[in-house]
Amino acid sequence: MGRISKNTSITVKDAEVGGPLFGGGNASEEGGNTAVSVYGSSFIHNNVYGGGNQASVSGDNKVTIGECE
């Protein structure tokens, strides 16, 4: 398992994601904040998570679905 020491930001616009979307990644520990934005005609086939799949996020998690900031 790895470690990310900075903030992570993911933006999905007018796209299709075939599985779950994790702001903190799959198995790397996130040492900063995560932000996930999904908007436009995007389609996520599963769930959207602000944190990681198998690891923790030590900062804040923010998920925005809908309007772009």
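Everything that follows concerns the structure shown earlier in this document.
To keep things clear, this report deals only with the structure shown in the data block.

**Structural notes on the environment of Asn26**
1) Next: Residue placement: Asn26 occurs in the loop between strand S4 (21–22) and strand S5 (29–30).
2) Next: The class of Asn26 is partly exposed, set by a relative accessible area of 45%.
3) Next: Among residues more than four places away in sequence, those in contact with Asn26 are Gly52, Asn53, Gln54 and Ala55.
4) Next: Looking at Asn26, its side chain comes within polar contact range of the side chain of Asn53, at 2.6 Å.

**Digging into the environment of Val17**
1) Next: Along the chain, the position of Val17 falls in strand S3 (residues 16–17).
2) Next: Filtering out sequence-adjacent residues up to four positions away, Val17 remains in contact with Val12, Phe43, Ile44 and His45.

**Structural notes on the packing of aromatic side chains**
1) Next: This model, assessed by the stated rule, comprises one aromatic pair.
2) Next: Ring plane angle 10° and centroid distance 4.7 Å describe the contact between Phe22 and Tyr49, whose orientation is recorded as stacked. Separated by 27 residues along the polypeptide, Phe22 in strand S4 and Tyr49 in strand S8 (residues 48–49) bring together distant segments of the chain.

**Observations regarding the nonpolar core**
1) Next: Grouped together as the largest cluster of nonpolar side chains are six residues: Val12, Val17, Leu21, Val36, Val38 and Ile44.
2) Next: Leaving out residues up to four positions away in the same chain, Val12 has contacts with Val17, Leu21, Ser37, Val38, Tyr39 and Ser42.

**Points about the sheet that holds strand S2 (residues 8–13)**
1) Next: The parallel open sheet is built from three strands, whose spatial order is S2-S6-S9. Looking at strand neighbours, the two that pair on one side only are S2 and strand S9 (61–65), the edges of this open sheet. The sheet shows a mean angle of 5° between the axes of neighbouring strands, direction not considered.
2) Next: Bridge analysis of S2 against strand S6 (residues 34–39) gives six bridges, and the strand direction is parallel. Bridge pairing in S6 links Lys13 to Tyr39.

Cut-offs and rules
Residues numbered from 1 in each chain as written. Predicted model: local features only at pLDDT ≥ 70, side-chain atom pairs only at ≥ 80, totals over all residues. Heavy atoms only, no water. Helix = DSSP H or I, 4+ residues; strand = E, 2+ residues; numbered from the N terminus. Buried < 20%, exposed > 50% of the residue type's maximum accessible area, 1.4 Å probe, protein only. Contact = heavy atoms within 4.5 Å. Polar contact = N/O pair within 3.5 Å; in protein donor to acceptor, adjacent residues only side chain to side chain. Phe/Tyr/Trp six-rings, centres within 6.5 Å; stacked < 30°, edge-to-face > 60°. Core = buried A, V, L, I, M, F, W, Y, C linked by side-chain atoms within 4.5 Å. Pairing = 2+ DSSP bridges. Axes fitted to C-alpha atoms, helices over the stretch in contact; angles between N-to-C directions.

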